[in-house]
Amino acid sequence: MRRYGKHTDEDDIRSRPNRKGNRPRTHIRPKHEDAAEGLVLTVDRGRLTCLVEDRTVLAMKARELGRKAAVVGDRVAIVGDLSGEKDTLARIVRIEERTSVLRRTADDDDPYERVVVANADQLAVVTALADPEPRPRLIDRCLVAAYDGGLTPLLVLTKSDLAPPDKLLELYGDLDIPYVVTSRGELEDGTAADRVREQLAGRITAFVGHSGVGKTTLVNALVPEERRRSTGHVNAVTGRGRHTTTSALALPLAGAGGWVVDTPGVRSFGLAHVDPSRVIHAFPDLEPGTEGCPRACSHDEPDCALDAWVAEGHADPARLYSLRRLLATREHTEGD
Ligand SMILES: Nc1nc2c(ncn2[C@@H]2O[C@H](COP(=O)(O)OP(=O)(O)OP(=O)(O)O)[C@@H](O)[C@H]2O)c(=O)[nH]1
Ligand SMILES: [Mg+2]
Ligand SMILES: [Zn+2]
């Protein structure tokens, strides 16, 4: 009998106790102990599409949740009609604690922060090598948001049929971020999807980036059509006749498992909410060097202890340079 090791874990996942749910609701229970578990797949004007067992159920927020908003990726407790049939509407009565939050503000002076995706563990920062031109400042800002929110970044450089990736890769080399480069031809022969999929297996990955970089094209290459159809994609046609994504959508990856979350293109990525001490967690080689820093050090001021730490040979100066470049990106308002 197998007791320990990898296979046991997988068996455990498969044999998870049956979730409660789908029981008819006879009266309102104050604690909703009969609620089912749902996963928010997409949100459209107050209507949330949730995955409950193997059905997609349309739901709205219960009044008792107050101002708290459920976002894509949220695990929720859901009650009411869970049949998933047409014209039914269930209610979300609780949002479970999040393991991560990807946040942005509209710009840096905007105190109103929104959660883009909950519970993702990886952030794919998608950048076209041309059309539209790459904007390193926006990449830097996405990276800071990832580090701040507890997501590990992945660089996805698209449209290498239009321009080479070398300059950009050099800029990010010292950050040790995994990357994938894709092109039109590789999208068509399936190799792009295969390589990207390797980086996504078993993880929840949010795709972010400027409009038109190819996020949806890539997601479509990763997720078979019938899966996409069952969740219903939301998009609109731009003034120039191109389809653009208007709300975030989570889609399951077949085979290796995991989820991808396609999101609408962003112009900027406001970082008003970011705390430098959370960002430095992503630099384990530098973090111990901050012990000698003054309180609330910005890590980019004369008394910062990191200069001495690096001068003593504990870490690579290029890493400190990269960290400071990322932290400095918070001081600029626009995204490029
Ligand atoms: N040449 C080239 N074009 C690509 C590639 N990938 C995507 N495109 C094209 O780029 C355009 C935009 O692609 P989308 O996937 O809609 O971009 P998006 O990032 O989802 O855009 P938004 O939804 O507006 O944020 C489409 O016309 C795609 O066909 C690529 O590798 N090479
Ligand atoms: Mg899109
Ligand atoms: Zn410091």
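Cut-offs and rules
- Residues numbered from 1 in each chain as written.
- Chains lettered and ligands numbered in written order.
- Predicted model: local features only at pLDDT ≥ 70, side-chain atom pairs only at ≥ 80, totals over all residues.
- Heavy atoms only, no water.
- UniProt positions renumbered as here; feature names shortened; annotations may be inferred.
- Core = buried A, V, L, I, M, F, W, Y, C linked by side-chain atoms within 4.5 Å.
- Buried < 20%, exposed > 50% of the residue type's maximum accessible area, 1.4 Å probe, protein only.
- Helix = DSSP H or I, 4+ residues; strand = E, 2+ residues; numbered from the N terminus.
- Contact = heavy atoms within 4.5 Å.
- Phe/Tyr/Trp six-rings, centres within 6.5 Å; stacked < 30°, edge-to-face > 60°.
- Lys NZ or Arg CZ within 6 Å of the ring centre and 35° of its normal.
- Donors = N, O, S within 2.8 Å, 3.2 Å for Na, K, Ca; no water.

As annotated in an unreviewed UniProt entry, the protein chain carries the name Small ribosomal subunit biogenesis GTPase RsgA and comes from Streptomyces prasinopilosus. As stated in UniProt under Sequence similarities (unreviewed entry), the record for the protein chain gives "Belongs to the TRAFAC class YlqF/YawG GTPase family. RsgA subfamily." Annotation of the protein chain in UniProt includes, under Subcellular location (unreviewed entry), the sentence "Cytoplasm".

What follows covers the nonpolar core. Ranked by size, the top nonpolar core spans 55 residues in total, and within it Leu102, Leu123, Leu143, Phe269, Leu286, Leu306 and Leu323 carry the most contacts. Broken down by element, the residue count for this core peaks at eight residues, all from helix H2 (residues 136-149). Not counting chain neighbours up to four residues away, the residues in contact with leucine 102 comprise Arg114, Val115, Val116, Val117, Leu123, Ala145, Ala146, Leu151, Val208 and Phe269. Counting residues in hydrophobic clusters, the runner-up holds 19 residues, among them Val156, Leu222, Val223 and Val260.

Tallying each qualifying case throughout the model produces one aromatic pair. With centroids separated by 5.6 Å and ring planes inclined at 70 degrees, the aromatic side chains of tyrosine 147 and phenylalanine 283 adopt a geometry described as edge-to-face. A residue pair is termed long-range when its members are at least 10 positions apart, and tyrosine 147 in helix H2 and phenylalanine 283 in the loop between helix H8 (276-279) and helix H9 (306-311) qualify at 136 residues. Looking at tyrosine 147, the relative accessible area reads 11%, which means it is buried. Positioned above the aromatic ring of phenylalanine 269 is the side chain of arginine 104, whose terminal nitrogen or guanidinium carbon lies 5.6 Å from the ring centre. When the ring centre of tyrosine 172 is taken as reference, the NZ or CZ atom of arginine 325 above it lies at 5.1 Å.

All right, on to the coordination of the magnesium ion (ligand 2) then. Looking at the magnesium ion (ligand 2), one finds its protein donor set to be Thr216 (OG1) and Thr245 (OG1), positioned 2.0 Å from the metal centre. With threonine 216 in helix H6 (residues 215-222) and threonine 245 in strand S13 (residues 243-245), this residue pair connects regions lying 29 residues apart in the sequence. Each member of the pair, threonine 216 as well as threonine 245, carries the same accessibility label: buried.

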